[in-house]
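Architecture at a glance
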Amino acid sequence: MNTNQRPESMTRITTPELAKAFIDEQVEALRAQIGDKKVLLALSGGVDSSVVAALLIKAVGKQLVCVHVNHGLMRKGESEQVIKVFGESLGANLIYVDATDRFLDLLAGVAEPEKKRKIIGGEFIKVFDEEASKLEGISFLAQGTIYPDIIESKGVKAHHNVGGLPEDMEFELVEPVKLLFKDEVRVVGDALGLPHNMVYRQPFPGPGLGVRCLGAITRDRLEALREADAILREEFDKNGLAGKVWQYFISVPDFKSVGVKDDKRYEGWPAIIRAVNTTDAMTATIEEIPYPVLHTITARITAEVPGINRVVYDLTPKPTGTIEWE
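Because the structure is predicted, anything quoted here is derived from the model rather than measured.

With respect to unusual backbone geometry
Cis geometry is adopted by the peptide bond preceding P319, which originates at K318 and carries an omega value of -15°. Position of P319 relative to the elements: it lies in the segment after β10 (308-313). In this structure, the amide linkage connecting P319 to the following residue, T320, adopts the cis form with an omega of 20°. Within the fold, T320 resides in the segment after β10. The residue D262 is not glycine, and still its phi comes out positive at about 50°. Within the secondary structure, D262 is located in the loop between β7 (257-261) and β8 (264-277). Here D262 falls in the exposed class, since its relative accessible area comes to 64%. Positioned with a positive phi, D263 is a non-glycine residue whose angle comes to about 65°. Counting through the fold element by element, D263 comes out in the loop between β7 and β8. On the basis of relative accessibility, which here comes to 79%, the residue D263 falls in the exposed class.

Structural notes on the packing of helix α1 (residues 16-34) against helix α2 (residues 47-60)
Running from N to C, α1 and α2 point in directions that differ by 65°, and their axes come no closer than 9 Å. Where α1 crosses over α2, the two elements pack in a sense that is right-handed. Here F22, I23, Q26, V27, L30, R31 and I34 of α1 come into contact with α2, specifically with L55, L56, K58, A59 and V60. A per-class count over the contact of α1 with α2 returns nine nonpolar, one polar and two charged.

Comments concerning the layout of surface pockets
Size it by volume and the second largest pocket reaches roughly 640 Å³. Contributing to the lining of the second largest pocket are 22 residues, with N197, Y200, R201, Q202 and Y248 lying nearest its centre. Counting residues per element, the ones that place at least two in the lining of the second largest pocket are α3 (78-89), α8 (196-199) and α9 (219-238). For the lining of the second largest pocket, the leading source of residues is α9, giving four residues.

A few points about the pattern of salt bridges
Pairing between side chains of opposite charge can happen when the charged atoms of each approach one another. Here the structure, examined in full by the defined rule, presents 22 salt bridges. For E78, the salt bridge goes to R201, with nearest N and O atoms at 3.0 Å. Of the two residues, E78 sits in helix α3 while R201 sits in the loop between α8 and α9, which places them 123 residues apart along the sequence. Among the residues examined, E78 registers a relative accessible area of 7% and is labelled buried. On the accessibility criterion, R201 (15% relative accessible area) is buried. Salt bridges linked by common partners bring E234, E235, K238, R300 and E304 together as one network.

Here's the deal with the side chain of R6
Looking at the secondary structure, you find R6 in the segment before α1. Within the structure, the side chain of R6 is placed 2.6 Å from the backbone oxygen of L179, a separation counted as a polar contact.

Some thoughts on the environment of A92
Structurally, A92 is set in the loop between α3 and β3 (93-98). On the accessibility criterion, A92 (12% relative accessible area) is buried. The spatial distance from the C-alpha of A92 to the C-alpha of A53 is 8.6 Å, given a sequence separation of 39 residues. With residues near it in sequence (within four places) discarded, A92 still touches I57, K62, F86 and G87.

Considering the confidence of the model for the protein
When pLDDT is averaged along the protein, the result is 91, and 94% of the positions lie at 70 or above. The low-confidence segment residues 155-164, where pLDDT is below 50, has 21 contacts with residues more than four positions distant or belonging to other chains.

Structural notes on the pairing of strand β6 (residues 247-251)
Judged by how many residues are buried, β6 sits mostly within the fold: five of five residues are covered. Here β6 shows two buried faces, one formed by Q247, F249 and S251 and the other by Y248 and I250. Pairing analysis gives five bridges linking β6 to β8, with the strands arranged antiparallel. Residue pairing in the sheet places Q247 in a bridge with V276 of β8.

With respect to the packing of aromatic side chains
One pass over the structure, following the stated rule, counts two aromatic pairs. With centroids separated by 5.5 Å and ring planes inclined at 90°, the aromatic side chains of Y147 and F181 adopt a geometry described as edge-to-face. Linking Y147 in helix α6 (residues 147-153) with F181 in the loop between β5 (172-174) and α7 (182-191), this pair joins segments that are 34 residues apart in sequence. Looking at Y147, the relative accessible area reads 8%, which means it is buried. Given the relative accessible area of 21%, F181 is considered partly exposed. Its end group placed over the ring of W269, K256 keeps NZ or CZ at 4.9 Å from the ring centre.

Calculation notes
- Residues numbered from 1 in each chain as written.
- Predicted model: local features only at pLDDT ≥ 70, side-chain atom pairs only at ≥ 80, totals over all residues.
- Heavy atoms only, no water.
- Helix = DSSP H or I, 4+ residues; strand = E, 2+ residues; numbered from the N terminus.
- Buried < 20%, exposed > 50% of the residue type's maximum accessible area, 1.4 Å probe, protein only.
- Axes fitted to C-alpha atoms, helices over the stretch in contact; angles between N-to-C directions.
- Left-handed = near helix turned anticlockwise from the far one by under 90°.
- Contact = heavy atoms within 4.5 Å.
- Nonpolar A, V, L, I, M, F, W, Y, C, P; charged D, E, K, R; others polar.
- 1 Å grid on protein atoms, 1.4 Å probe; cavity = no way out; pocket = protein on both sides within 12 Å on 5 of 7 lines; lining within 4 Å.
- Points joined across faces, edges and corners; volume = space filled by probe spheres on them.
- Salt bridge = Lys/Arg side-chain N within 4 Å of Asp/Glu carboxyl O.
- Polar contact = N/O pair within 3.5 Å; in protein donor to acceptor, adjacent residues only side chain to side chain.
- pLDDT = per-residue confidence, 0-100.
- Pairing = 2+ DSSP bridges.
- Phe/Tyr/Trp six-rings, centres within 6.5 Å; stacked < 30°, edge-to-face > 60°.
- Lys NZ or Arg CZ within 6 Å of the ring centre and 35° of its normal.

Okay, structure coming up:
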């Protein structure tokens, strides 16, 4: 049987009971596969890698080594949450690498979106390789591959593969959720006791805020973006929109317009709100956000975030606009 093919008979995991049965089955399978050896996992804090980490901790405990690379392009509080949940609550064997300066120095002055993506992806692999080569006795590499990745690529998406590892490091892959759809991974994450906001975290691109800080990334504009995005997420949570809108975020372009603050003219960046609904990410519709909520978000961002003096709302569906700006 093709192990990358979901069996017709496999029940969709929709309840805590079904999730528990899956967890028990996987824990047994993982113990059988791994034995007393060590496993390495790049833990981003996204739902897929978090569920894989929690499953492996349950199965083999400290034999799992998690590496979390903070590239400085995470949303507010995300790296801190990974450390808290995995390092403290679950007692994971966690290596935290703050590579912010390394990434931002490489990205200085780079405005071309594809080039930014390549730098971020390539450097991530380098940092991960450096950490991997310091470790001894790793036999397995765990990945958060899920079934849509396999269907989409008849294999595994390039960014899920950790390429460029030293040639003498031969790893066997461990992919415990590779036959699950995203909604099933979330049910399993809930059953494993992961925090709700981690399990239901919205999709976040690999390059993170790097593709939302439009044009050449500067530290001050990146910080403004992170703060504005946190306000948007907080207000969506407060107003019951978080579960109704598939993806919502802020982008900040690299141009300024004139505004008024404390009765003086000053120049600042605009924050662009994007809020879309989609079932497959191939097309996307615009979600109607109540005006009072938009007014509150605007008032908070312009008052609380240094450097931002306007808030605009992107009303473009896909097609014609892609979900991300870059």
